[in-house]
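# Understanding the architecture of this molecule
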Amino acid sequence: MRYGHFDDDQREYVIGQPDTPLPWINYLGTDAYFGIVSNTGGGYSFYRDARLRRLTRYRYNNAPLDVGGRYVYVRDDATGDYWSPSWQPTPERELDDYECRHGLSYTRIASARGGIRAETLYFAPLGETLEVWRVRVTNDRDSAAELSLFSSIEFCLWDAQDDATNYQRNFSTGQVEVVDGVIYHKTEYRERRDHFAYFACSEPLAGFDTQREAFLGAYRGWDRPAAVERGAASDSIAHGWQPIGSHHVRLTLAPGETREVNFLLGYAENPRDDKFDPPGSQTLNKTRVRPVIERWLRPETVEKGYADLRAYWDALLGGLRVRTPDQDTDRMVNVWNAYQCLVTFNMSRSASGYESGIGRGMGFRDSNQDLLGFVHMVPERARERILDIAATQKPTGGAYHQYQPLTKRGNNDIGEGFNDDPLWLILGVAAYLKETGDLALLDVPVPFDNEPGSEVPLYEHLRRSLRYTLERLGPHGLPLIGRADWNDCLNLNCFSDTPGEPFQTTENASGGVAESVFIAGQFVLAAKELAGIARLLERDGEEVFYRAAAEKMAGSIAEHGWDGAWFRRAYDFYGNVIGSGENDEGQIFIEPQGMCILGGVGIEDGLAQRALDSVAERLATPHGIVLQQPAYSSYRIELGEISSYPPGYKENAGIFCHTNPWIMIAEAIVGNGDRAFDYYRRLNPSAREEISEVHRCEPYVYAQMIAGKDAPTHGEAKNSWLSGTAAWNFVAITQWILGVRPDFDGLRIDPVLPADWPGFEVTRSFRGATYEITVRRAEGATSRVTEVLVDGVPVPGNLVPAAAPGTTVRVEAVIG
Ligand code: BGC
Ligand code: NOJ
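The structure presented is a predicted model; accordingly, all values stated were derived computationally and were not measured.

The next point concerns the environment of Arg741. As for its position among the elements, Arg741 is in strand 35 (residues 740-743). Separated by 10 residues in sequence, Arg741 and Pro751 have C-alpha atoms that sit 9.2 Å apart. Not counting the four nearest positions on each side in its chain, Arg741 is found in contact with Gln735, Trp736, Gly746, Leu747, Arg748 and Asp750. Side-chain polar atoms of Arg741 contact the side chain of Asp750, separated by 3.1 Å.

Shown next as structure tokens:
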């Protein structure tokens, strides 16, 4: 069952009924001002940091779902009937029709009731720290309509964590100011004297409210605000309690008439030393923000701001466009998967329907992987991100597992010891270099742990990343796992033998000898990438050393990491094998199958093929490939968090979508296009649209997890939007299945297609030139590309050299 459809021309997902299984969200903002918005107007806004600069409130685990939003109420003043055009928060008031269009960084919700149509467009204009709500109200009746419009938001008192916990203080700190119809939220302005929020309206006001209970009425909810019910605001001024913003506007609409009313919610900062705002002054200095408000309340500015936003996305997405025989592929690659990759760039793992904005910072591992999905769209920002990440690295090569987006410093709460982390830096940098050819990055001085004076060229950081693994090998010559590897929940050293003692998560937790076959595979891949980089730098000795290190590790994998039909997962604290036929549960895990083959292990001797057959036999389901089998049926302290999940969820045999593209890539590497693409389609959200009642999350973005076959809710997705799944699926389809793959020396054309595809086309920018690529399969051919012509001239192998920036190159490839 579907709840909407894709409008491919507009690049919108159109939701046709408000009661989707879960709130289906979208993101506003592209740079510093952000918000999430659901298909019924729910969500919240923040400036840069979803915890510390939260503008509005949202309640995650409330009933009903999705409480807190950007709500407008329409009231028919003749009858007293009122409703919200976004359905929430007045779901009892039936709408005659409803449509929500989630587009790229904007959302439009339109509906009608009793002959009055209202459409709200929400977006945050480029380069501003504000969002616009453009409300258009139309009278479809044949007589005049006397209407009231009410806007509403609930201010968060900035630190969202404190706001949700420290009531004894916060019920007394709220402050607002209302001047010329603009509601200013100035809590914290007394102490910090720099930031405030404002909520403005383009029309003269009939009234306003800023105290929540004055607007709602005591013990009432957003479904029946007293002010809306009686058709009059009370001009309340909040002193403490719960400051809100609500404007009341009266409109008289002739039959057929449409009126536009714009609301602005924005964030502003004054420099602390502002001479207009001496310490002790209780009045906000609005000098800077007034002209901004006036400008953005004008319909022409709004129109242009919206057009500019659309043009911005045209430009970003224009750099890579595909035309394949599969509509779901085109739609995801050309629009939604790319969009999701940029959202993960902006949000990391901070704010979604599942991440509350108050949790963790930026992940070292996560951010490096996110980069794989957006480096081609925003290379300069990828460069900056790499330098930020690398600056948190320790001199040992070790990494803080997370860093804080505002300070860009390593996060001590979580510390280090996730032993896969450092290697991701090499993989991220390699992807950047392949895309851009910008070798100068490697010379940029970057500190360790942000310590001034400790700067060394970025290249040295990469060397230390690799050395970090080499200095931490266990009894089988495999890398020590530390606190965990990619699988955060496989905590083999992190337990206490003493019954009743809590989980250990301090340094000694990583002191054990547990080893990871996953990191071993990742090391082989990273060492080969670093060898490739050393070659470009003409550091021949180092290149040889890294290749030899990769060889040696591949040898340890063959000796101690192979279980007969698949790669093993790990050795635990006691030296017992995990992910082996010897185990009663957790016999085979997906991660080492993917990562070892990505590293090139087992290709020549057929182990890779055998491992992939085992994945197909034991782990694949119609909804995707589960993380391991059999699931752990009970908690096992020596394995840690993985066994804390009920079977089929998350890391305990859930379909952890992030890992599936590794198998797609591995299948492509061994030349199995049918399987690679089949796995791709099992996860592709658009291809799952028809089973939205099972999948339940948004059909336009990937989710982190789909319940596995051991779960009673097999096929149900969770944790949509912010996941490495976005980047890796993008890489799998564009670089390995379609096979248009940036490499150090040019653009590789190496498709591995399903047997029934006659070919496809790709337009791609690469290092400033445009490549018009056509791939055609010769009759009956099943293997790889046999001929590549660049502007009609054959090139050796499948490598297209980088062309001069600004030129357009025609590439024809034939699968022979
Ligand atoms: C989740 C993991 C996640 C980790 C990070 C765990 O509870 O299961 O998927 O990576 O938390 O905080
Ligand atoms: C989510 C984390 O963000 C990611 O870094 C990790 O690899 C997976 N969970 C698996 O545990």
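Now that the structure has been shown, the text picks up again.
The next point concerns the sheet that holds strand 34 (residues 717-720). Spatially, 3 strands are ordered 32-33-34 in an open sheet, and the strand pairing comes out antiparallel. Only two strands of the sheet have a single neighbouring strand rather than two, namely strand 32 (655-656) and strand 34. Direction of pairing for strand 33 (residues 703-706) relative to strand 34: antiparallel, over a ladder of 3 bridges. Following the sheet pairing, Ile706 is matched in strand 34 by Ala717.

We now examine the site of ligand 1. Around ligand 1, the neighbouring residues are Arg360, Asp488, Cys489, Glu641, Tyr645, Lys650, Glu651, Phe656 and Gln704. For ligand 1, an oxygen atom lies 2.3 Å from a polar atom in the side chain of Asp488. The side chain of Tyr645 places a nitrogen or oxygen atom 2.3 Å from an oxygen atom of ligand 1. Calculation on ligand 1 without its partners gives an accessible area of 310 Å², and the protein chains cover 71% of this total.

Compared with the 16 Å implied by 1.5 Å per residue over 12 residues, the 16 Å span of helix 10 (residues 379-390) between its first and last C-alpha is a close match. Within the span of helix 10, buried status applies to Ala382, Arg385, Ile386, Leu387, Asp388, Ile389 and Ala390.

So, about the domain arrangement of the protein. For the protein, the assigned domains are domain 1 (4-191 + 198-314), domain 2 (359-468) and domain 3 (740-815). Here the C-alpha centroids of domain 2 and domain 3 sit 31 Å apart. Residue-level contacts link 7 residues of domain 2 with 7 residues of domain 3. Between domain 2 and domain 3, roughly 530 Å² of surface is buried when both sides are summed, and carbon and sulfur atoms account for 56% of that area. The shortest N-O distance in the salt bridge between Arg764 and Glu435 comes to 2.9 Å. Linking domain 2 with domain 3 are 3 residue pairs in polar contact (both at pLDDT 80 or more).

Once that is clear, we can look at the site of ligand 2. All residues adjacent to ligand 2 are Arg360, Arg365, Asp366, Trp486, Asn487, Asp488, Glu651, Phe656 and Gln704. Arg365 has a polar side-chain atom sitting 2.9 Å from an oxygen atom of ligand 2. A distance of 2.6 Å is found between an oxygen atom of ligand 2 and a side-chain nitrogen or oxygen belonging to Asp366. Burial of ligand 2 by the surrounding chains reaches 93%, relative to a free accessible area of 300 Å². In terms of residue class, the shell around ligand 2 is built from 2 nonpolar, 2 polar and 5 charged.

Now for the confidence of the model for the protein. Per-residue confidence for the protein averages 95 on the pLDDT scale, and 96% of its residues sit at or above 70. Looking across the protein, the model is least confident in helix 3 (residues 189-192), with a mean pLDDT of 77, and most confident in strand 28 (residues 588-589), with 99.

What follows concerns the sheet that holds strand 27 (residues 577-578). Each strand in a sheet pairs with another by means of backbone hydrogen bonds, the pair being arranged parallel or else antiparallel. Pairing in this open sheet of 3 strands is antiparallel, and the strands run 25-26-27 from one edge to the other. At either margin of the open sheet sits one strand with a lone partner, and together these are strand 25 (515-516) and strand 27.

This part takes up the packing of helix 9 (residues 364-374) against helix 10. At a closest axis distance of 11 Å, the pairing of helix 9 and helix 10 adopts a crossing angle of 165 degrees. The angle between helix 9 and helix 10 places the two elements in the roughly antiparallel class. Every pair of crossing elements has a handedness; the one defined by helix 9 and helix 10 is left-handed. On helix 10, the residues that touch Phe364, Ser367, Asn368, Leu371 and Phe374 of helix 9 are Ala382, Arg385, Ile386 and Ile389. Taken together, the residues of the contact of helix 9 with helix 10 break down into 6 nonpolar, 2 polar and 1 charged.

Right, let's talk about the nonpolar core for a bit. Tyr198 and Tyr771 are the most contacted members of the largest nonpolar core, which totals 236 residues. In terms of residue count, helix 13 (residues 517-536) provides more of this core than any other element does, 13 residues in total. With 10 residues, the next largest nonpolar core counts Tyr71, Tyr73, Phe150 and Val228 among its residues.

Now for helix 14 (residues 540-560). End to end, helix 14 covers 30 Å across 21 residues, agreeing with the expected 30 Å (1.5 Å per residue, within 8%). Every buried residue of helix 14 is accounted for by Glu542, Glu543, Tyr546, Ala549, Ala550, Met553, Ala554, Ser556 and Ile557. Relative to the axis of helix 14, the buried residues are bounded by an arc of 155 degrees and lie together on one face. Facing away from the buried side of helix 14 by over 90 degrees, the exposed positions are Asp540, Gly541, Val544, Glu551, Lys552 and Glu559. Residues of helix 14 that are buried make contact with helix 12 (458-470), helix 13 and helix 15 (590-598).

Enumeration according to the criterion identifies 44 aromatic pairs in this entry. Both rings, one in Phe215 and one in Trp222, keep their centres 6.2 Å apart while their planes meet at 45 degrees; by these two values the pair is tilted. With respect to burial, Phe215 and Trp222 carry one shared label: buried. Site record: aromatic cluster; members linked through ring pairs are Tyr3, Phe6, Tyr13, Trp24, Tyr27, Tyr312, Trp313, Trp336, Tyr339, Tyr700 and Trp721. Against the face of Tyr468 rests Arg472, its NZ or CZ located 3.9 Å from the ring centre.

Next up on the list: the pattern of salt bridges. Following the criterion strictly, the structure yields 72 salt bridges and no others. Its salt-bridge partner being Asp366, residue Arg349 comes within 3.9 Å of it at the nearest N-O pair. Linking Arg349 in the loop between helix 8 (327-347) and strand 21 (362-363) with Asp366 in helix 9, this pair joins segments that are 17 residues apart in sequence. Look at Asp366 and you get buried, because its relative accessible area is 15%. We note a salt bridge from Asp584 to Arg636, for which the minimum N-O separation is 3.4 Å. Of this pair, Asp584 sits in the loop between strand 27 and strand 28 while Arg636 sits in the loop between strand 31 (628-629) and strand 32, and the two are 52 residues apart along the sequence. On the accessibility criterion, Asp584 (53% relative accessible area) is exposed. Among the charged side chains, a salt-bridge network with shared partners connects Asp7, Glu12, Glu99, Arg101, Arg108, Glu119, Arg134, Arg136, Glu260 and Glu303.

In this section: the packing of helix 17 (residues 660-669) against helix 20 (residues 724-737). Helix 20 packs onto helix 17 with a crossing angle of 15 degrees between their chain directions and a minimal axis gap of 8 Å. When the interaxial angle is binned, helix 17 and helix 20 end up roughly parallel. In this structure, helix 17 crosses over helix 20, and the sense of that crossing is left-handed. Residue-level inspection shows Pro661, Trp662, Met664, Ile665, Ala668 and Ile669 of helix 17 in contact with helix 20, the latter providing Trp728, Asn729, Val731, Ala732 and Trp736. Among the residues forming the contact of helix 17 with helix 20, the class breakdown is 10 nonpolar, 1 polar and no charged.

Of all 8 residues that make up strand 10 (residues 106-113), 8 are buried, and the element is covered over most of its length. Of the two faces of strand 10, the one holding Tyr106, Arg108, Ala110 and Ala112 and the one holding Thr107, Ile109, Ser111 and Arg113 are both buried throughout. Once strand 9 (residues 97-103) ends, the chain turns through 2 residues before running back antiparallel as strand 10, passing Ser105 with a positive phi of about 70 degrees. Taken together, the 8 bridges between strand 10 and strand 11 (residues 116-123) define a ladder with antiparallel strand orientation. Note on strand 11: the bridge partner recorded for Arg108 is Leu121. Linkage of strand 10 to strand 11, two consecutive antiparallel strands, is achieved through a turn of 2 residues, within which Gly114 is found at a positive phi near 55 degrees.

How each quantity is defined
Per chain, the residues get numbers from 1 upward, laid out in the order the sequence is written. A letter from A marks each chain and a number from 1 marks each ligand, given out in the order of writing. Side-chain atom pairs in this predicted model are given and counted only at pLDDT of 80 or more, local residue features only at pLDDT of at least 70, and totals for whole chains, interfaces and linings cover all residues. Working from all heavy atoms in the structure, the side-chain values ignore hydrogens and water. A run of H or I in DSSP counts as a helix once it spans at least four residues, and a run of E counts as a strand once it spans at least two, with each numbered from the N terminus. Residues count as neighbours in contact if any of their non-hydrogen atoms are within 4.5 Å of one another. Here a polar contact is taken to be a pair of N or O atoms separated by no more than 3.5 Å, where protein atoms must pair a possible hydrogen donor with a possible acceptor and residues adjacent in sequence count only if both atoms sit in side chains. Pairing between two strands requires that DSSP report at least two bridges joining them. We call a residue near a given molecule or strand whenever any one of its heavy atoms falls within 4 Å of it. To measure how exposed things are, a 1.4 Å probe is used in the Shrake-Rupley method; for residues, cover is taken only from the protein chains shown. Helices are assigned an expected span. That span is 1.5 Å times one less than the residue count. Note on exposure labels: buried denotes an accessible area under 20% of the residue type's maximum, exposed denotes more than 50%, and partly exposed covers the range between, all computed with a 1.4 Å probe on protein chains only. The start and end points of each domain follow an automatic or database-based domain assignment. As used here, buried area is the combined drop in accessible area, with a 1.4 Å probe, of two parts when they are placed together. What counts as a salt bridge is simple: a side-chain nitrogen of Lys or Arg found within 4 Å of a carboxyl oxygen of Asp or Glu. Lys, Arg, Asp and Glu make up the charged group, whereas Ala, Val, Leu, Ile, Met, Phe, Trp, Tyr, Cys and Pro make up the nonpolar group; the residues left over, Gly among them, are polar. Per residue, pLDDT captures the predictor's confidence, and it can take any value from 0 to 100. In this analysis an axis means a line fitted to C-alpha atoms, helices contributing only their contacting stretch, and an angle means the value between N-to-C directions, from 0 to 180 degrees. Here is the rule for angles: anything less than 35 degrees is roughly parallel, anything more than 145 is roughly antiparallel, 65 through 115 is roughly perpendicular, and the remaining ranges are oblique. The handedness criterion is simple: a crossing whose near helix is rotated anticlockwise from the far helix by less than a right angle is left-handed, and one whose near helix is rotated clockwise is right-handed. Nonpolar cores are built from buried Ala, Val, Leu, Ile, Met, Phe, Trp, Tyr and Cys residues. Side-chain atoms within 4.5 Å join them into one set. Think of the arc as the fan of directions from the helix axis to the C-beta atoms. To pair, rings of Phe, Tyr and Trp, with the six-membered ring standing in for Trp, must have centres within 6.5 Å; the planes then decide the type, stacked if under 30 degrees apart, edge-to-face if over 60, and tilted in the middle. In this scheme, Lys NZ or Arg CZ marks a charge over a ring once it lies within 6 Å of the ring centre and within 35 degrees of the ring normal.

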